[in-house]
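Chain by chain, the residues:
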Amino acid sequence: MSFYRSIKWVALAGALLAAAPATAQETRTELGQLASRGQPVDMARTGKEPEPQKVEGKIRIGFSPTAMNTHYDVVIAGARQAIRALGDEKLELVIQAPSGQSGIAEQMNIVETWVNQGYDAIALATANDQAMMPIYEKAAAAGIPIFLFNMPVTKSDNPYYVSNVGYDQFEAGRLMGLYTVEKYSEKLTNLAIIEGLPGVHNTQRLSGFMAGLGDNANIKIVASQPGDWVRDRAQAVMENILTANPNGVDVVWGLYDEMALGALAAIRTRGLADKIDVLGYDNTPDANGAIKRGEMTATVDTAPKEMGYNLVMAINSYVGKGEMVPKVINSEVVVWDQKTIGSFDPSNYVFVEK
């Protein structure tokens, strides 16, 4: 199925790009990598956010990601790094996640329990911001600030959150689209995409990627199917894509490294590792290692450790010092490939004792 012959894909691409934010200007690192901090965001406060305060004693923070995975392990390492820098006796991080990426009801119960228990602050990454709205309102009424992290929609309708700490997910996807054009657009290239579950994370990453691809006539999207953000499902999906495309797939992009690695497993099983390039998203430790070994081609680093560090520092400023913090705090995203991955500092993945 060619992208340009598929009415479904043309309609989807149009809808994604119509909803896309204005893009930022990418830069180049000293190594020549694509990099960006995203579109500058200057958001006014709504007046419904709890006011800054100075909590006496240890600050108790509820931390709930969409699910536990390697990306959030690194975010937690950054949060722990910030707590160590501030003093372990000053902050307590309580971590609880739903059992899966689609467990929004489970996550709602987790966060509502923290509100009822009077936590000092709540840090949250959720797949359904709208479903959480009644709990945000309840938290605000109780004076408990909500901090979002790893959330792609900074200009959401949520009037209650204090700060969105993370990176521009649209922009990270766009950099991968630009990289794809730079590397593969000189000849006809069949591209497959492994998506995550439907939701804001998937939409922002995919729409950014489509913006980066532009209308290059040589890159044909032959398939785009959901891998549910997990490795084993993505492996099965890639098997199906390879079977359904006897004319071949040249490149596959996974919207999360775990899915890219699942696709890689399917490709290796078919004996096609030297024929299909695999691109990812997040620069997880496993993907980083695969790029170093020459098994994956590239990924975009989304600075999860910096995210966790910035998140705790923002909470400490707002709740511990009574200071205002920016409404949006973005880290820089950078594309890494086989030529540059050797320069990546592995301490960016782990908590470092100091």
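What this report covers is the structure whose coordinates are included nearby. All values reported here derive from a predicted model rather than from experimental measurement.

## Observations regarding the overall build of the chain
For the chain, the count of helices and strands is ten helices and 14 strands. Relative to its length of 354 residues, the chain is compact, with a C-alpha radius of gyration of 20 Å against a globular reference of 20 Å. Buried positions account for 56% of the 354 residues belonging to the chain. Pairs at least 24 apart in sequence give 78% of the contacts found in the chain among residues at least 6 apart. For the chain, the exposed surface amounts to about 14800 Å²; the carbon and sulfur share of it is 49%. Counting 31 positive and 40 negative side-chain charges, the chain places the centres of these two groups 2 Å from one another.

## Comments concerning the packing of aromatic side chains
Per the counting criterion, the structure on display carries nine aromatic pairs. Note on W114 and Y119: the rings are 5.5 Å apart at their centroids and 25° apart in plane angle, and the pair reads as stacked. One exposure class covers both W114 and Y119, and it is buried. Summarising the aromatic geometry, the rings of F344 and Y349 are spaced 5.1 Å apart at their centres and angled 45° between planes, so their arrangement reads as tilted.

## Some remarks on helix 4 (residues 133-141)
Taken together, the buried positions of helix 4 are occupied by M133, I135, Y136, A139 and A140. Angular distribution of buried residues about the axis of helix 4 spans 160°; they occupy a single face of the element. Of the exposed residues in helix 4, the ones pointing more than 90 degrees away from its buried face are P134 and A141. Buried residues belonging to helix 4 abut helix 3 (104-116), strand 5 (121-124) and strand 6 (146-149). Remark: G143 follows helix 4 within two positions and exhibits a positive phi of approximately 80°.

## Some thoughts on unusual backbone geometry
Of all residues except glycine, most have a negative phi; of all peptide bonds, most are trans. Backbone geometry places N150, a non-glycine residue, at a positive phi of 55°. Relative to the helices and strands, N150 is located in the loop between strand 6 and strand 7 (163-166). Look at N150 and you get buried, because its relative accessible area is 3%. Positive phi values are uncommon outside glycine, yet A303 reaches one of about 55°.

## Looking at the nonpolar core
By size, the foremost hydrophobic cluster in this structure holds 87 residues, and its most contacted members are F149, I194, M238, V252, W253 and M296. Top element by residues in this core is helix 2 (residues 70-86). It accounts for eight residues. Ignoring sequence-local partners within four residues, the contact set of I194 consists of Q225, G227, A234, V237, M238, I241, V252, W253, G254, L255, M259 and A263. With 19 residues, the next largest nonpolar core counts W114, Y119, M151 and Y160 among its residues.

## Quick word on the pairing of strand 9 (residues 219-226)
Of the strand pairs in this sheet, strand 8 (residues 189-195) and strand 9 are connected by seven bridges, and their pairing is parallel. When the bridges of strand 9 are listed, A192 appears paired with A223. Read from strand 8 through helix 6 (residues 200-213) to strand 9, the crossover connection turns out right-handed.

## Comments concerning the sheet that holds strand 5
One open sheet holds the six strands; their spatial order is 4-3-5-6-7-13, and the pairing between them is parallel. Of all strands in the sheet, those with a lone pairing partner are strand 4 (91-95) and strand 13 (328-330), marking the two edges. Looking at each pair of strands side by side, their axes are set apart by 20° on average, direction ignored. As judged from the three bridges shared by strand 6 and strand 7, these two strands associate in the parallel manner. In the sheet register, F147 faces strand 7, and the bridge partner there is S163.

About the cut-offs
- Residues numbered from 1 in each chain as written.
- Predicted model: local features only at pLDDT ≥ 70, side-chain atom pairs only at ≥ 80, totals over all residues.
- Heavy atoms only, no water.
- Helix = DSSP H or I, 4+ residues; strand = E, 2+ residues; numbered from the N terminus.
- Rg over C-alpha atoms; globule rule 2.2 N^0.38 Å.
- Buried < 20%, exposed > 50% of the residue type's maximum accessible area, 1.4 Å probe, protein only.
- Contact = heavy atoms within 4.5 Å.
- Areas by Shrake-Rupley, 256 points an atom, 1.4 Å probe, with all protein chains shown as cover.
- Lys, Arg positive; Asp, Glu negative; His and termini not counted.
- Charge placed at Lys NZ, Arg CZ, Asp CG, Glu CD.
- Phe/Tyr/Trp six-rings, centres within 6.5 Å; stacked < 30°, edge-to-face > 60°.
- Arc of directions from axis to C-beta.
- Core = buried A, V, L, I, M, F, W, Y, C linked by side-chain atoms within 4.5 Å.
- Pairing = 2+ DSSP bridges.
- Right-handed = clockwise from strand over helix to strand, strands pointing away.
- Axes fitted to C-alpha atoms, helices over the stretch in contact; angles between N-to-C directions.

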